[in-house]
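Breakdown of the fold
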Amino acid sequence: MTQGYDLVVRSRRAVLPDGERPAAVAVREGRIAAVAAYDAPLTAREDVDLGDRALLPGLVDSHVHVNEPGRTEWEGFATATRAAAAGGVTTIVDMPLNALPPTVTAGALAVKRAAAEGSCAVDVGFWGGAVPGNRAELRALHDAGVYGFKCFLSPSGVEEFPALDEAGLREAMTEIAGFGGLLIAHAEDPGHLSEPDGPGYAEFLASRPPEAEGAAIARVARLAAETGCRAHIVHLSDAGSLPLLAEWRARGARISAETCPHYLTLTAEQVPDGGTEYKCCPPIRDARNREELWRGLADGLIGCVVSDHSPCVPELKKGGFDTAWGGISSLQLGLPVIWTGARARGHGLPDVARWMAAGPAELTGLTGKGRIAEGYDADLVAFAPDRTFVVDPGALRQRHPVTPYAGTTLTGAVERVWLRGEAPGHGRLLRRRP
Ligand SMILES: [Zn+2]
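Here the structure is a predicted model, which means the values were calculated and not measured.

All right, on to the coordination of the zinc ion then. On the protein side, the zinc ion has His63 (NE2), His65 (NE2) and Asp308 (OD) as donor atoms, found 2.1 to 2.2 Å from it. Between consecutive donor residues of the zinc ion, the sequence gaps follow H-x1-H-x242-D. Pair check on accessibility: His63 and His65 agree, each one buried.

Structure, rendered in structure tokens:
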């Protein structure tokens, strides 16, 4: 052998950009140096043969609320990134709200990076925020390396991160378009939202109807077309809005969308009385809507599946659906949840890798992540696609093991994870590459 590698991982089910096939992945200095035949005579310090277990690219979760600093008792970088690593997620991108200060100035980004430094098990990037009055900060945040700008069209749930009205949204999108950035929007129109009439799920669902999503998506899409700004709809719940997305894309708007494991798995019909662990905004809708979201993924209208991991202290989940904190924490469970649902609907592992690794990496511009290909970071996941397990909240590494999936049987288990060719533990803080 001419040259030795640091690591070779062999699998009869390697999930590569062009599909699933037997392969050997050779790693040197943290990067994928070669993708060779399964039985290629490669020499390495460590040679791992996964046999029939799958080898996936490390997942990229572009929608995570870490909450540190400021609300670290809800979730922090150490716990969130350990949950990520356990779930096969090797890169997360942290949302600009729920930590204090919110990431709406370059100074606030520096504070957050300092809080994260040294405590991340996986790689971490950051979103900035677009809020009323911070237009002059957007360029500085972009230059400091955020991957784009999150905004709300309706109240965000925390007063320090207010929503943009139409004029504010136009102003932000014009500015962001000027430097070729990305705007990501929580799309619920405040004009269609109301206070729930009671504490039950039915009242909560009625207070956030599908029309709220449709109206907000239409506004973002129209302004994307008008300003030329690239836009992305986070956590799409209403499948009825998919034709609208298709229509605006056909008209030239640069607009994409993501959805989340809970919208693809859980249904309004199954939410138990008082089951506020199911509460999120926009809400989980009916079973028919869920199946249409899967069709949106199959059609390519939805390009990413990301967690919207949004924890809080358990006390804030107490009470009814009208008062409890909204947010579902599924960083560690997203892969088996989605694989269980995908497999039942005839999708393969390459689809899952596209939605959960390559898709979010492309959205954010995380070059070098999300694929098993030469030159990419050696972020890899050994995955047992036929192994089943019952979700035990006690096994979750997030700070508070509150989950609507407790007791659910899932198929597919993460067995081993590599971050740049090594066991997770030394995550880096990432910046958008210019
Ligand atoms: Zn979110």
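There is more to say, and it comes next.
Spatially, the 3 strands line up as an open sheet ordered E6-E7-E8, and their pairing is parallel. At either margin of the open sheet sits one strand with a lone partner, and together these are strand E6 (59-64) and strand E8 (123-126). Within this sheet the neighbouring strands show an average axis-to-axis angle of 25 degrees, counted without direction. Relative to E8, strand E7 (residues 89-94) runs parallel, the two being bridged by 4 bridges.

Let's shift gears to the packing of helix H6 (residues 210-227) against helix H7 (residues 242-250). Helix-helix packing is characterised by the crossing angle of the two axes and by the distance between the axes. Where H6 meets H7, the closest approach of the two axes is 10 Å, and the angle between their N-to-C directions is 10 degrees. The orientation of H6 with respect to H7, classified from their angle, is roughly parallel. For the pair H6 and H7, the contacting residues are Gly214, Ile217, Ala218, Ala221, Arg222 and Ala225 in the first and Leu244, Leu245 and Trp248 in the second. Each residue belonging to the contact of H6 with H7 can be placed in one class, and the counts come to 7 nonpolar, 1 polar and 1 charged.

Burial runs high along helix H1 (residues 77-86): 7 of the 10 residues are buried. When H1 is considered as a whole, its buried residues turn out to be Phe77, Thr79, Ala80, Thr81, Ala83, Ala84 and Ala85. On its buried face, H1 is in contact with E7, helix H2 (106-116), E8 and strand E16 (409-418). Just beyond H1, the residue with positive phi is Gly88, at close to 85 degrees.

Counting residues in each nonpolar core, the largest one holds 94 residues, and the members touching the most others are Ile92, Leu169, Met173, Val220, Trp355 and Phe383. Every residue in contact with Val220, bar those within four places of it in the chain, is listed here: Leu153, Leu169, Met173, Ala185, Ala231, Ile233 and Ile255. With 24 residues, the next largest nonpolar core counts Val104, Cys312, Trp325 and Leu366 among its residues.

Moving on to the environment of Cys304. As for its placement among the helices and strands, Cys304 is situated in strand E14 (residues 304-305). With 70 residues separating them along the chain, Cys304 and Val234 place their C-alpha atoms 9.4 Å apart. Residues within four places of Cys304 in sequence aside, it is in contact with Ala257, Glu258, Thr259, Trp355, Gly359, Pro360 and Leu363.

Okay, the sheet that holds strand E13 (residues 255-259) next. Spatially, E9-E10-E11-E12-E13-E14 is the arrangement adopted by the 6 strands of the open sheet, whose pairing is parallel. A strand with exactly one partner marks an edge of an open sheet, and here the two such strands are strand E9 (128-129) and E14. Bridge analysis of E9 against strand E10 (residues 149-152) gives 2 bridges, and the strand direction is parallel. Bridge pairing links Gly129 to Lys150 in E10. Helix-sheet contacts for H6 involve strand E11 (182-186), strand E12 (230-233) and E13, and the interaxial angle to E12 is about 165 degrees.

Feature annotation in UniProt assigns "domain: Amidohydrolase-related" (unreviewed entry) to the following positions: residues 55-422. When the span residues 55-422 is considered, its composition is 33% helix and 17% strand, and the gap between its end C-alpha atoms is 15 Å.

Taken as a whole and assessed by the stated rule, the structure comprises 8 aromatic pairs. Centroid distance Tyr201 to Phe321: 5.0 Å. Interplanar angle 75 degrees. Geometry classified as edge-to-face. Of this pair, Tyr201 sits in helix H5 (residues 201-207) while Phe321 sits in the loop between E14 and helix H10 (334-344), and the two are 120 residues apart along the sequence. Take Tyr201 and Phe321: they sit in the same class, and that class is buried. Residue Phe321 is classed as buried on the basis of its relative accessible area of 1%. Each member of the aromatic cluster is reached from another via a ring pair, and the members are Tyr201, Phe204 and Phe321.

What counts as what
- Residues numbered from 1 in each chain as written.
- Predicted model: local features only at pLDDT ≥ 70, side-chain atom pairs only at ≥ 80, totals over all residues.
- Heavy atoms only, no water.
- Donors = N, O, S within 2.8 Å, 3.2 Å for Na, K, Ca; no water.
- Buried < 20%, exposed > 50% of the residue type's maximum accessible area, 1.4 Å probe, protein only.
- Pairing = 2+ DSSP bridges.
- Helix = DSSP H or I, 4+ residues; strand = E, 2+ residues; numbered from the N terminus.
- Axes fitted to C-alpha atoms, helices over the stretch in contact; angles between N-to-C directions.
- Parallel < 35°, antiparallel > 145°, perpendicular 65-115°, else oblique.
- Contact = heavy atoms within 4.5 Å.
- Nonpolar A, V, L, I, M, F, W, Y, C, P; charged D, E, K, R; others polar.
- Core = buried A, V, L, I, M, F, W, Y, C linked by side-chain atoms within 4.5 Å.
- UniProt positions renumbered as here; feature names shortened; annotations may be inferred.
- Phe/Tyr/Trp six-rings, centres within 6.5 Å; stacked < 30°, edge-to-face > 60°.

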